[in-house]
Amino acid sequence: EEHLYRLHHVNGIIQPLGQKDLSHGSFGVRYRFVHFLYYGALYNAIQPARKASWSGVTAAALLHFYDGHIAEISSQVGLLFEAARDFPQAARYFSMAAEHAFRVFAFGEAELLARRGLRMLETVPPLR
């Protein structure tokens, strides 16, 4: 939180998007980069193995804190598991995101998410 405060108030690189009540009685504050170039510079400076590791840890943390509301974040979790190279989990959450999009009549998005989930399954070796 101290680092995020500094990035917001001192450096002006990020801005808060607001708070959200989460399960387990906790709350989270969401941030975004004020410009995509800041995000790109930071993301490109991180080594691939570290990106994968951080993505997996972030996905697990989101699943813990959003317990019971996972459909809301399933596409983001799918992207994180894809970045973590956990393709079976990525496929699972892309499928969940596709179902959620279908339920809210976002048929084009549902199709894209379902196709992305299927692509993740293509990378998984068949069970014997």
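Preceding this paragraph is the structure being described.
Parameters at a glance
Residues numbered from 1 in each chain as written. Predicted model: local features only at pLDDT ≥ 70, side-chain atom pairs only at ≥ 80, totals over all residues. Heavy atoms only, no water. Helix = DSSP H or I, 4+ residues; strand = E, 2+ residues; numbered from the N terminus. Buried < 20%, exposed > 50% of the residue type's maximum accessible area, 1.4 Å probe, protein only. Contact = heavy atoms within 4.5 Å. Areas by Shrake-Rupley, 256 points an atom, 1.4 Å probe, with all protein chains shown as cover. Lys, Arg positive; Asp, Glu negative; His and termini not counted. Charge placed at Lys NZ, Arg CZ, Asp CG, Glu CD. Patch = residues over 30% accessible without salt bridge, like charges linked within 9 Å, V, L, I, M, F, W, Y side chains within 5 Å. Salt bridge = Lys/Arg side-chain N within 4 Å of Asp/Glu carboxyl O.

Re the overall build of the protein
The number of helices and strands found in the protein is six helices and two strands. Starting at the N terminus and walking to the C terminus, you meet the elements of the protein as α-β-β-α-α-α-α-α. The burial tally for the protein puts 25% of its 128 residues in the buried class. For the protein, the proportion of contacts with a sequence separation of at least 24, taken over those separated by at least 6, is 33%. For the protein, the accessible surface area stands at approximately 9200 Å², while carbon and sulfur atoms represent 59% of it. Separation between the mean location of the 13 positive side-chain charges and that of the 11 negative ones in the protein comes to 7 Å.

Notes on a nonpolar patch on the surface
Among the surface-exposed residues, Leu4, Leu7, Phe27, Val29 and Tyr31 lie close enough to one another that they form a single nonpolar patch of about 390 Å² accessible area. Among the secondary structure elements, those contributing two or more residues to the nonpolar patch are helix 1 (2-9) and strand 2 (27-33). No other element matches strand 2, which puts three residues into the nonpolar patch. With respect to the helices, strands and loops of the structure, Phe27 is situated in strand 2.

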